[in-house]
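Single-letter residue listing:
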Amino acid sequence: LKLRLRKIDRSNWQEAFAIRAKPGQERFVATPVMSVALASIRQHGDHYVHTPMAIYDGARIVGYVTTLCDPESADDYWIDDILIDARYQGKGYGRAAMAEAIRFALTTWPRCAQIRLSHHPENRIAARLYPSMGFRPTGRLVGSGQPEYQLSGAALEDYR
Ligand SMILES: CC(C)(COP(=O)(O)OP(=O)(O)OC[C@H]1O[C@@H](n2cnc3c(N)ncnc32)[C@H](O)[C@@H]1OP(=O)(O)O)[C@@H](O)C(=O)NCCC(=O)NCCS
């Protein structure tokens, strides 16, 4: 499964903004409109770069993923949001898109030595998916009580 990531911009926003979660998943992730809005106001501060991207299987958008980082740092890199459209979940897109987002960060910011993320405590699919991709719990909670994970060392180098 070969997916491509492309920034959400004026050429693809209509299809990207139509990406929807399944009923009940809305609390797990920002809508694509909200993710782009938070990027445009630089939610986390002027030194952070937000990159909202559409996930493509061929010509079709199947989801979106947003990275967030301080590119001057080695360790302040995040996969901020990922959503596979309700119609396309459970087909391997989430795992493949995560791997693409990790590779995007490593190639765009070669000094990146750690990638972090978190998920809603009740998000069982995310809680299984991230450790299976090499992320380890840090033991910290971020935001509103979300367990934090990090990908670093040999587990990160595997994607480089
Ligand atoms: C989490 C998410 C991105 C995963 O994407 P996906 O395309 O559905 O997942 P994949 O098909 O790549 O499967 C990844 C793993 O989850 C498991 N999985 C997927 N859907 C599942 C379901 N409905 N029930 C149980 N397990 C499921 C798969 O079995 C797979 O594990 P495996 O590789 O060991 O078999 C997607 O479910 C999603 O968009 N959820 C709503 C938004 C969200 O929660 N985002 C994450 C915020 S932290």
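Up top is the structure these notes are about.
Below or above, wherever it landed, is the structure these notes cover. Just so we're clear, the structure is a prediction, and the values are computed from it rather than from any experiment.

1. Examining the packing of aromatic side chains
Tallied over the entire structure, the rule returns six aromatic pairs. Judged by centre distance (6.3 Å) and plane angle (90°), the rings of Tyr-88 and Tyr-93 are edge-to-face. Under the relative-accessibility criterion, Tyr-88 is labelled buried at 12%. By relative accessible area, Tyr-93 is classed as buried at 8%. What links up through ring pairs into an aromatic cluster is the set Tyr-77, Phe-104 and Trp-109. Taking the ring centre of Tyr-56 as reference, the NZ or CZ of Arg-4 above it sits at 5.4 Å.

2. Quick look at the site of the ligand
As a matter of local geometry, the ligand sits amid 19 residues, with Ile-82, Gly-92, Gly-94, Arg-95 and Asn-123 nearest to it. At 2.8 Å, a side-chain N or O of Arg-95 approaches an oxygen atom of the ligand. In isolation the ligand has 920 Å² of accessible area, and contact with the protein removes 73% of it. Given that more than half its atoms are within 2 Å of the pocket grid, the ligand belongs to the largest pocket. At the level of secondary structure, the elements contributing two or more residues to the shell around the ligand comprise strand S4 (77-84), helix H3 (93-108) and helix H4 (124-132).

3. As for the side chain of Thr-66
By the element assignment, Thr-66 lies in strand S3 (residues 60-69). Judged by relative accessible area, which is 1%, Thr-66 ranks as buried. In terms of polar contacts, Thr-66 uses its side chain to reach the side chain of Ser-35, at 2.8 Å. Apart from residues lying up to four places away in sequence, Thr-66 is in contact with Ser-35, Thr-51, Pro-52, Trp-78, Ile-79, Asp-80 and Asp-81.

4. Some thoughts on the pattern of salt bridges
Here the structure, examined in full by the defined rule, presents eight salt bridges. A salt bridge links Glu-100 to Arg-103; the nearest nitrogen and oxygen atoms lie 2.8 Å apart. Here Arg-103 and Glu-100 lie together in helix H3, a separation of three residues that amounts to about one turn. Arg-103 sits in the partly exposed class, given a relative accessible area of 33%. For Glu-148, the salt bridge identified is with Arg-116, shortest N-O distance 3.4 Å. Of this pair, Glu-148 sits in strand S7 (residues 146-152) while Arg-116 is found in strand S5 (residues 114-118), placing the two residues 32 residues apart along the sequence.

5. Here's the deal with the sheet that holds S5
Taken in spatial order, the seven strands of this open sheet run S1-S2-S3-S4-S5-S7-S6, and their pairing is mixed. Across the chains shown, the open sheet's two edge strands, defined by having one partner strand only, are strand S1 (4-7) and strand S6 (136-142). Averaged over neighbouring strand pairs, the angle between their axes works out to 30° when direction is ignored. Sheet topology places S1 next to strand S2 (residues 49-57); four bridges connect them, and they run antiparallel. Each bridged residue has a counterpart across the sheet, and for Leu-5 the counterpart in S2 is Ile-55.

6. Brief notes about the nonpolar core
The biggest cluster of nonpolar side chains holds 35 residues, and the ones touching the most others in it are Ile-55, Met-98, Ile-102, Ile-115 and Phe-135. Among the elements of the structure, S2, S3, S4, H3, S5, H4 and S7 are those that each provide at least two residues to this core. In terms of residue count, H3 provides more of this core than any other element does, ten residues in total. Of all hydrophobic cores here, the second largest spans ten residues; its members include Ile-8, Ile-19, Ala-30 and Ala-54.

Calculation rules
- Residues numbered from 1 in each chain as written.
- Predicted model: local features only at pLDDT ≥ 70, side-chain atom pairs only at ≥ 80, totals over all residues.
- Heavy atoms only, no water.
- Phe/Tyr/Trp six-rings, centres within 6.5 Å; stacked < 30°, edge-to-face > 60°.
- Buried < 20%, exposed > 50% of the residue type's maximum accessible area, 1.4 Å probe, protein only.
- Lys NZ or Arg CZ within 6 Å of the ring centre and 35° of its normal.
- Near = heavy atom within 4 Å.
- Polar contact = N/O pair within 3.5 Å; in protein donor to acceptor, adjacent residues only side chain to side chain.
- Areas by Shrake-Rupley, 256 points an atom, 1.4 Å probe, with all protein chains shown as cover.
- 1 Å grid on protein atoms, 1.4 Å probe; cavity = no way out; pocket = protein on both sides within 12 Å on 5 of 7 lines; lining within 4 Å.
- Sits in = over half its atoms within 2 Å of the grid points.
- Helix = DSSP H or I, 4+ residues; strand = E, 2+ residues; numbered from the N terminus.
- Contact = heavy atoms within 4.5 Å.
- Salt bridge = Lys/Arg side-chain N within 4 Å of Asp/Glu carboxyl O.
- Pairing = 2+ DSSP bridges.
- Axes fitted to C-alpha atoms, helices over the stretch in contact; angles between N-to-C directions.
- Core = buried A, V, L, I, M, F, W, Y, C linked by side-chain atoms within 4.5 Å.

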